[in-house]
Each structure stands twice: as C-alpha cells, then as structure tokens.
Amino acid sequence: MVRDSSQPPFANSHILLLIPDGAKQRTTMQASYDAHLCEQTAQQRWEREGLLHAREQSDGDKYYCLCMLPYPSGRLHMGHVRNYTIGDVLTRFQRMHGRNVLQPMGWDAFGLPAENAAIKNGVAPARWTYDNIAYMRRQLRSLGFAIDWSREVATCRPEYYRWNQWLFLRMLDRGLVYRKTGSVNWDPVDQTVLANEQVIDGRGWRTGATVERRELPMYYMKITAYADELLTALDGLAGWPERVKTMQANWIGRSEGVEIGFPHDGGVLKVFTTRADTLLGATYVAVAAEHPLALQAAARDARVAAFVDACRRGGVSEAELATQEKEGVPAGVFVRHPLTDEKLPVWVANYVLMAYGEGAVMAVPAHDQRDFEFARKHGLPLRVVVRPAAGETPQAETLTEAFTGDGVLINSGRYDGLGSAQAMAAIAAELHTRKLGGKRTVYRLRDWGVSRQRYWGCPIPIIHCDACGDVPVPDEDLPVVLPEDLVPDGSGNPLAKCEAFIHCTCPRCGKPARRETDTLDTFVDSSWYYLRYACRDNDTAMVDGRVHYWLPVDQYIGGIEHAILHLLYSRFWTRVMRDLGLVKFAEPFTNLLTQGMVLNHIFFRKTAAGGITYYSPDEVVLRHDERGQFAGATLKADARPVEYGGMGTMSKSKNNGVDPQALVDKYGADTVRLFMLFAAPPEQTLEWSESGVEGAQRFLKRLWKAVADHVNAGPVTLLEPAALDALQRALRRRIHETITKVSDDIGRRYTFNTAVAAVMELLNALTRSDDATPQGRAVKQEAYTAITLLLCPMVPHICETLWRELGHAESAMMARWPRADAAARVRERIELVVQVNGKLRGRVAVAADADRESVANAALAEPNVRRFIEGRAVRKVVVVPGKLVNVVV
RNA sequence: GCCCGGGUGGCGGAACAGGUAGACGCAACGGACUUAAAAUCCGUUAGAUUGAAAAAUCUGUGCCGGUUCAAAUCCGGCCCCGGGCACCA
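Since the structure is predicted, the reported quantities are computational estimates derived from the model, not experimental observations.

> Even after reading the chapter, I still don't get the overall build of chain A, so can you show me in this structure?
Helix and strand content of chain A: 26 helices and 37 strands. Over its C-alpha atoms, taken along the principal directions, chain A stretches across nearly 100 × 85 × 65 Å. Expressed as a percentage of the 889 residues in chain A, the buried residues total 54%. Restricting to contacts in chain A with at least 6 residues of sequence separation, those with at least 24 account for 72%. By element, 50% of the accessible surface of chain A is carried by carbon and sulfur atoms, the whole surface being about 38,900 Å². Between the averaged position of the 107 positive side-chain charges in chain A and that of its 105 negative side-chain charges there is a distance of 3 Å.

This is the structure in structure tokens:
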C-alpha cells in the first residue's frame, strides 16, 4: 500500500498530466458540489485502503507530525480545528513528498474541568471524560484528519499513567524527586485547595471567600538541576520560534551576581544581588514574610506578627504578589554591614519573594527603583554610591528616582573611582576573603511542584508508614490505580476520604499503612505522551525501539500559551529519560510551530456571594449606542445586563468556545478547514468571526464547477509547450508560478492563507479564459491537475473526488506533489516602477535581461517622470533590478 | 507589576532580505439572469481633490520623533489589545 518513493509518479514530471490513464469509466461529472458525499466517500476510502496507518519502515525519511493533545472538555472548539488543520496540512504535504508520516492523537484526560463538571452535575469525572472523548473523537474523524487512530492514548488510563508512576520512582531513586513544603491557595469556606484560576481578585470563585496561603508538604521535581542545560541548549533549537526561546530563557532567568552575608546576633543573613557595586549604598535589608528571620521576629513582636499574618491573605500567583501595594514593617532586628560593620535595620516586606535567591535583599534606595519608593514611603535613608560616567552626580536630597545605570563608584571608600564592573569583582573578592560571600549564579527557575490535592489525576506511588516513613510503591505493584467511581463535591479531595484506596500494607515492614492521596500535576502526563504514541501497546516497558525510529518529533504544533511550562517540562523530562538511558536525544521537538490563540468575547456575572459565572457569547445579546459602538450586553434568558470581560482564548472555563460542529454539518469539513486556514497565518492571534465561511464554500463550489465543465467537455490532447500561443504560455506560466508559491508557502513559510489566495488567483485566471482549442484545453488539464494537488493537503476530500474525475485511479492522498517547470516560468519582458524622490510617477516595460543603463534611460524617458524632473538636475538614479528605479532630483 | 507578541480600508488579511501599500476573500453598492427570490455571473469599493473622460495630484499602515534615495518594514519614546507568570490546560 505504501508507495515506493523512488518511483516518480509521471514519466515526464515537468508536465503534470498528459493524458488521463483511463481508470475512470467515462461518465458525466456531476455539475454541483456535494460536500457531505465527497467527505464520506473519501474518508471511507482512506479507511478501506489503510492509508492512515503509520508503520516503521526503513526506506524513505520518516516525518513525525504532532499536534498538542486536547483536553477532552466535551466539544471541539475553533482553536482545536485551527491546530489540527495545520497539522493535517503539513502531514499530508510531507506524505506527498514521499515521507513515511505519523500523525497520532490522544487525550490529556486528567484535570480540573472533570471535577468541576462533577460538582455541577454529580457525574463521575471518569464517566464524563470517557463520554467527552467518544464525542470529540467522532468530531475529529468527521473533519477528515489523517490521524493514525490505532495509536490513540488517554492519559487517565492505568496503562498510560503507570509509567508516570514508574518514572517518578526512578527520579526518586536518583534524588530528582524530593519533598518539601509549598504554598497553596486555601478556601476557608469550602475547606479546599484552589487553583490559581479559581482565585479571582483574591477570592474563591465559588464561595467568594478571601483566599489564604497555606503551607503543605509536596513533592518536587528537580528541574533546577537542568537549568543551565535547558538554557544553553536553546541555541541549538534552530527550528523553534525566536520568541519562544526568548520566553524560556527569561523564565529560566540565569543571573550572575554576588551572595552577601550580613552578620547578626543569631548568625548570618544571606542576600543575593546582581549589583554588588552598590553594596556601600545599602541602608537596610528586607526579607520575605516567610523568611526565618521574619518568623522569629513575629514571635517576639505583635506588629510583625500581624504583618506576616496579613501577607498570608490573598492568592499565591506571582501576578497577584507583584501587583499588590508594596508594604513592610521593621522587624526590630539589626544586621551588620559586611564591609563597614554599620548597623542596618531589617524590614519584613511583601515585595521580597521567598522563592527567589535567599528570600532576602539588600536595599539600595539610591540605585534601585523599588527600594527607592519603599525608602521614601518609610523615611529610610538614601546613599548615593554610583555616579554616571558622564553628567551630573545625583544628590541624595534631590533625587526623584533611583539611578539604576552602571557608572563610577563614589562614597565607597577604597572602591571610589572604580567602574561598576570592576567594583563588583573587587567587592566579591573582598567578601570572599572575609568569608561573607562571593560570586554566585542564581536562576529564577524554581523546582517543579507536582503534588495536587485533587482526585482526578495520577496517584503518587508512595505509601506512608508510621514505622518506615515515606515508602515507594514497589515496581511490581504498579500501577497504583485510581478508583474511577468517586464524585467530588467541592469540599476537598474525595480520594482522601476513600478508605478502600488509602488502607494498604507497608511494602517494607508489612504493617498497616496509608497511601498518598495527592495526585500528580497534569503537566506530568503531557511531558512524555509524544513518546508513548510510538509504542502504546507495550505493557512491559515505558518505551521501546519504535521510539528510536519515530522520535524526535519533526514538527510540533500547538498554542503559544504553552510556550513556557509544557514545553520546558517536556524538555526537562526528556533529559531525565536520556540520563536514565531510555532515549538517545535531549530535545523532543525539532521544529515548533506556535499557533496563535482563537479569541472570543467573554461575558460574566459576579454572584451574590462574590463568586463568578461565565456566559457563552450566544447566550447574550449585544447592545450598541446610536453611533454603533458596543455599549454592553444582556443575557437572553433574563434580559438583564452581564459584564464584559474583553477578548480571551476560547476555553471551557470562560465558556466562550465556539463548537465547529454546526458549521461542519452545514458546509462540510473542507469548507471549515479552508476557512480556518484562509482567515490568518497560523502564528497570529485570531478574533473569532464567522463571516468568510460562505466565501470558502463559494470557492470550493466554483472549483468543482470549473473542473466539471472541463471534464465534461471531453478528452484532452497531449500538451506541447512549444506549440502554445502567447496567451496559453502566459496562463501556463501562472500555473507554474503558483506551484512555486504554494510549495514555498506551505513547506517553508507555513502561510496557508497566502497559499489559498494564490490558488484562488489561478482559478480566477482559468475561469476567465475561454480557450477551447486542443492546446488550450491541454493547458487547463495541467492547471486543474496542479490545483487539485496543491489544495489536497488543505481540502483533501474534494480533491480526492476531483482527482478521480481528472482520471486517476490512485488516491490523491498518495499522489506526488507537483514540481514547477522552470522553463514555463521564464518572462521576456518585465514591468518596472519608476519613482521620483521616492514617489511613484510611472511604469516602464523593459527586457527581463536589460542592463542598468538602459533601464535608467527608459525610466528617464517616461512622460510623467519627465514632467517631474523637468528643469531640475538629476542627482542620482537608483536602479533596483527587477523592481524599480528611483530618480533623485 | 514582570516577560513575550501584535496594531494596515467597513471587516479578515497581503506586501517574504528597506523598494509599487491594500493581493486574496468577506461585507456593501450597482448591473445581468429570473414572474420573483435564492444561487450564479459581471462591475465598483482606503480617504480627499482636479477632470467630460483618459487620467493625475495630495493624504494615509496605533501615536510622537529619528535614520535612509526610499520605512507598514529599521531605531528611540509612548498608547492600546492579546499570551504567559509556576495549581486552567
């Protein structure tokens, strides 16, 4: 069934099709396009002929095209359609280039929405999830994606997640998993942990209660052990978008600086700074509310205790911490300056993050803007120790903002006169001699907390024994299976109340023990699923030899929202597996295409309790003022106002997804696919609008009718390029220019919108021509053959039928991509634009190979150009070959 | 608040390495076909000015400034929108 890639499909590959091969019985082609008939017939054929199954084979290059697996939220939305259509186009395009392609699909099936659905409707998350998968799988099939369904995985199945557990234990063996406390959002009313998404303005979304931060013991994966490698390896990812690499580099956030110890009665307070040159300007030290020094101070001082307590209110997200008002109190503790021995006060401040560096900073108000504002607010002193290399020296009394640039040191004793860089090195050296610090590199990246106090996730394979402590579940007892019949009610993890799950015996001492009831972060599931597609039927190993054939992924496609977390975790996980000898590569995704989000309006209401409810855009009516401007919206159900939340990503949680099914039912899959591709280039954000779907449908109908008219006019004769007249040559040139353009747009640029536009232009040119001569019809035969092949990756169903009508027995899916004939594209004369002083003043036609001088002379002779240069001296003539002439006067 | 993108006609977008701004499509308007409508086909469509017309000129790519023979594209500053910020996925 698989084509031998060494055989070209046509004897003369420059001329696309000479004579139909007669495989089709000559009957009249139907005049009108029936999308649903086409789609059903084509899908059945692909299935019947086994064209969707990928097999490991040695001949020909493999091409593994992967789309990020969907969360089974219930129905596909337009973001999915966009993602999977792009993937399908690239897969089919590569298949037509003779590659052995794999395009799998699966389900990111654990997660919060299943629990929310359970709370709302009382249905078990497992049941809800499996029903959703069944429905969405049907939707994906109806869109005609060339997916090898025999490799489907669902991350909520024990045969999948047992390998999460297995690898977790291997990481535990190697010290890459450890336990420590971490902060979570706590809803005091529901007595439950909330996700950051469920905290809105510091309140729980269901109860409206003010959220508190709580400390819980959790498992962490040591991604920081790979921080440096994950950062430096970005340079090698030539197939990744620059912006994604920049985001990851900033996220890892490597900083080279100096660690400084401030001695005090109870020991040494460590801080980290990238500006050790400003050390002599430090006038106080600030610590995070969770810092041991702050907690000690709180035990002695009621005011500090109250402040530390206040810091616990609100959520844990960085965005929330970073936008809150900067506040602090004196800890009532003092430290000594490591160089001057000066006594400096310690403050407890909410802007210091415990998770970064040492959870403490030296404050230099004259040279750090945040310290400056804090010092002004609390009347703390300010000392200028760096002046700009040129310009005025800032005066402490008159400063209106911190001077944060590098410069020359002043008021710094023996360091006076040194530049910032020299001073940093010298100060680091002195600290090192005094054993109070030295150079240090820190990362913004934190270890990956993987514990979730939730039911619908992969159980963490640990048993807690009073005698033996935390004991790993033995490999032979894996998987630890999650009971699928529990129904969360919003008050904590039902697993923690499930006696049948919790009770077990300690594998070490045999005494009764308790299972861990936390489950793993769902990012664990999605950190390696792309490996499992290669070998999902192996029940004795996580990966096998087939992984070495298919991986790494040649093309990965998914939303830009995953630019950091998912992609970084996957890169980390792959390295762990490499170091365990399970895979031979470090980077799982060779090429990455990050698709822009599909946005839609967000509407919501706050409930009486302070919670929030989202409404679908088709549940509301928009109101406009007399000038046609948007002026609010009301709910259809009760005609009362709803709040507008702006544009946002289509998602289950915001209730603003648009189900493509109605469009597929009405217009067919090809129209929906074509519309999504034509709407915008893939990387661009797309605000949802349905207008344009009709246009996509109209184009397919026009194409169908054009091919039908051509086919029904009877057999064609052999194309003889030498026998063509000028018009026929011009049309044929357009065919081959279009082949070049579309090949480049799909294969290199990924701009499917311009590829479609180019084919539309060619069809427009074709339908304007009424040349019925034998050679005229031969050119058209070549044109329709080319168009069918060029569109095949994008709208495969209609092309399957057109291909058959054009006389081919083999499926269009297995046909070879057309090659442009360079000879057909040659032009004799070209048109150039002529500018005078950069403004367009005329056009001239010249021979394609004309030299600069004759081009310039032709330009200067153009009548309108002469009008503008008359009576003025021509100072310069810029000739851009093939493009334009600019006359400067 | 921090990091990363984006902003072009009524709308989606095109202009790929600094060289014709508005390809292609939607919507709108006018016409053909039709008893009529739908569908289809043909035409017009950035704004302004001049002209009977052909055509020509001016302005114009979020805002302000700069570099260049030439800027949507490069540089500096600002505004707005979107994505991410570690428990949404």
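> Would you take a moment to explain the side chain of T85 for this structure?
The residue T85 is located in helix α2 (residues 78-95) in this model. Here T85 is in contact with F145, R673 and L677, once residues within four sequence places are set aside.

> Is there a simple way to think about the pattern of salt bridges in this case?
If the charged atoms of two oppositely charged side chains come close together, the side chains can form a pair. Counted by the stated rule, this structure contains 51 salt bridges. Linking R546 and D537 is a salt bridge whose minimum nitrogen-to-oxygen distance equals 2.7 Å. Taking relative accessible area as the criterion, R546 reaches 26% and is therefore assigned partly exposed. According to the relative accessible area criterion, D537 is exposed, its value standing at 54%. It is possible to trace a salt-bridge network through shared partners that takes in E229, R571, R575, R578, D579 and E587.

> What is the right way to look at the protein's contact with RNA strand B in this model?
Taken together, 76 residues sit near RNA strand B, with D108, R452, Q453, R454 and R698 positioned nearest. Backbone atoms, meaning sugar and phosphate, form 65% of the atoms of RNA strand B found within 4 Å of the protein. With respect to RNA strand B, the side chain of N886 contributes an N or O atom lying 2.6 Å from a base oxygen. Broken down by element, the surface near RNA strand B gets its largest block of residues, 6 residues, from helix α22 (residues 752-768). Grouping the constituent residues of the surface near RNA strand B by class yields 30 nonpolar, 24 polar and 22 charged.

> Explanation requested: the sheet that holds strand β19 (residues 448-449) in the structure shown.
The strands that make up a sheet pair up through hydrogen bonds in the backbone, lying either parallel or antiparallel. In spatial order, the strands read β6-β5-β9-β19; together these 4 strands make up an open sheet with antiparallel pairing. At either margin of the open sheet sits one strand with a lone partner, and together these are β6 (192-194) and β19. The sheet contact formed by strand β5 (residues 177-187) and β6 spans 3 bridges and is antiparallel. Each residue of the ladder has a partner; that of W186, found in β6, is V193.

> Please clarify how the pairing of strand β12 (residues 284-287) should be interpreted in this entry.
Every second residue of β12 is oriented toward a common face, with Y284 and A286 on one face and V285 and V287 on the other, all of them buried. Direction of pairing for β12 relative to strand β14 (residues 343-349): parallel, over a ladder of 3 bridges. Each residue of the ladder has a partner; that of V287, found in β14, is V348.

> It is not clear to me how the packing of helix α3 (residues 112-121) against helix α4 (residues 125-142) should be interpreted in this structure. Could you clarify?
Packed helix pairs are characterised by how far apart their axes lie and by the angle those axes make with each other. Interhelical geometry of α3 versus α4 gives an angle of 115° and a closest axis separation of 9 Å. The pairing of α3 with α4 is recorded here as roughly perpendicular in orientation. Crossing of α3 against α4: the hand is right-handed. Along its contact with α3, which presents P113, A114, E115, A117 and A118, the element α4 presents P125, W128 and T129. Residue composition of the contact of α3 with α4, grouped by class: 6 nonpolar, 1 polar and 1 charged.

> Sorry, what's going on with the sheet that holds strand β37 (residues 884-888) here?
Taken in spatial order, the 4 strands make up an open sheet running β35-β34-β37-β36, and their pairing is mixed. A strand with exactly one partner marks an edge of an open sheet, and here the two such strands are β35 (839-847) and β36 (876-880). Adjacent strand axes in the sheet meet at a mean angle of 20°, parallel and antiparallel pairs treated alike. By the bridge criterion, 5 bridges tie β36 to β37 in an arrangement that is antiparallel. Within the sheet, the bridge partner assigned to V877 lies in β37 and is V887.

> Before we go on, may I ask you to explain the nonpolar core in this structure?
Inside soluble globular proteins, nonpolar side chains tend to come together where they are buried. Counting residues in each nonpolar core, the largest one holds 182 residues, and the members touching the most others are F168, M221, L531, L551, W573 and I746. If near-sequence neighbours (up to four positions away) are discounted, M221 is found in contact with F168, M171, L176, V177, D447, W448, V450, V524, F572 and W573.

> Would you take a moment to explain empty space enclosed by the protein for this structure?
As enumerated under the stated definition, the model contains 6 cavities of 30 Å³ or more in all. Looking at the second largest cavity, its volume works out to about 190 Å³. As for the second largest cavity, its lining consists of 18 residues, and the residues nearest its centre are I119, T192, V193, R454 and G490. Contributing elements (two or more residues each) for the lining of the second largest cavity: α3 and β6. With 4 residues, the top contributor of residues to the lining of the second largest cavity is α3. Classifying every residue of the lining of the second largest cavity gives 6 nonpolar, 7 polar and 5 charged.

> What exactly am I supposed to notice about the packing of helix α1 (residues 35-48) against helix α24 (residues 796-805) here?
Interaxial distance between α1 and α24 falls to 8 Å at its minimum, and their mutual angle equals 85°. Regarding the angle of α1 to α24, the classification is roughly perpendicular. Two secondary-structure elements touch here, α1 through C38, E39, A42, Q43, R45 and W46 and α24 through P796, H797, I798, E800 and T801. In the contact of α1 with α24, the residues fall into 5 nonpolar, 3 polar and 3 charged.

> Got a minute to help me understand the environment of R213 in this structure?
Note that R213 resides in strand β9 (residues 212-221). The exposure class assigned to R213 is buried, which follows from its relative accessible area of 12%. Spatially, the C-alpha atom of R213 lies 9.6 Å from that of G182, the residues being 31 residues apart in sequence.

> Would you mind showing me how to read the side chain of T519 here?
Tracing the sequence through the fold places T519 in strand β25 (residues 519-520). At 2.8 Å, the side chain of T519 and the backbone oxygen of R454 are in polar contact. Residues in contact with T519, not counting those within four places in the same chain, are V450, S451, R452, R454, Y455, G457, C458, P459, I460 and L495.

Analysis parameters
- Counting from 1, residues in each chain are numbered in the order their sequence is written.
- Lettering for chains starts from A, numbering for ligands starts from 1, and both go in the order in which the items are written.
- Reporting in this predicted model follows two pLDDT cut-offs: at least 70 for local features of residues, and 80 or more for side-chain atom pairs to be given and counted; totals over whole chains, interfaces and linings ignore these cut-offs and use all residues.
- Computation of side-chain values covers all heavy atoms of the structure but excludes hydrogens and water.
- Every helix listed is a DSSP run of H or I at least four residues long, and every strand listed is a run of E at least two residues long, numbered separately from the N terminus.
- Type-normalised accessible area, obtained with a 1.4 Å probe on protein chains alone, sets the label of each residue: buried when under 20%, exposed when over 50%, and partly exposed for intermediate values.
- Contacts are residue-level and defined by heavy atoms, with any inter-residue pair within 4.5 Å sufficient.
- Note on areas: Shrake-Rupley with a 1.4 Å probe; residue coverage comes only from the protein chains shown.
- None of His or the chain ends enter the tally, which takes Lys and Arg as positive and Asp and Glu as negative.
- The location of each charge is read from NZ of Lys, CZ of Arg, CG of Asp or CD of Glu.
- Should a side-chain nitrogen of Lys or Arg be within 4 Å of a carboxyl oxygen of Asp or Glu, the pair is scored as a salt bridge.
- One heavy atom within 4 Å of a molecule or strand is enough for the residue carrying it to be called near that molecule or strand.
- In protein, a polar contact means a hydrogen-donor-capable atom and an acceptor-capable atom, both N or O and within 3.5 Å, with residues adjacent in sequence counting only if both atoms are side-chain atoms; elsewhere, any N or O pair within 3.5 Å suffices.
- Residue polarity is assigned by list, with Asp, Glu, Lys and Arg as charged and Ala, Val, Leu, Ile, Met, Phe, Trp, Tyr, Cys and Pro as nonpolar; anything else, Gly included, falls into the polar class.
- One bridge is not enough; two strands pair if DSSP finds at least two bridges between them.
- Where helices are involved, their axes are fitted lines through C-alpha atoms of the stretch in contact, as for all axes, and angles between N-to-C directions lie from 0 to 180°.
- Comment on the angle field: the value is read as roughly parallel under 35 degrees, roughly antiparallel over 145, roughly perpendicular from 65 to 115, and oblique elsewhere.
- In this scheme the handedness of a crossing depends on how the near helix is turned from the far one: anticlockwise by less than a right angle means left-handed, clockwise means right-handed.
- Note on terminology: a nonpolar core comprises buried Ala, Val, Leu, Ile, Met, Phe, Trp, Tyr and Cys residues joined through side-chain atoms within 4.5 Å.
- Site definitions follow a grid-based scheme: protein atoms alone, a 1 Å grid, a 1.4 Å probe that fits but cannot get out for cavities, and for pockets an open set with protein on both sides within 12 Å along at least five of seven lines, plus lining residues having an atom within 4 Å of a point.
- Grid points are joined across faces, edges and corners, and a volume is the space filled by probe spheres set on the points.

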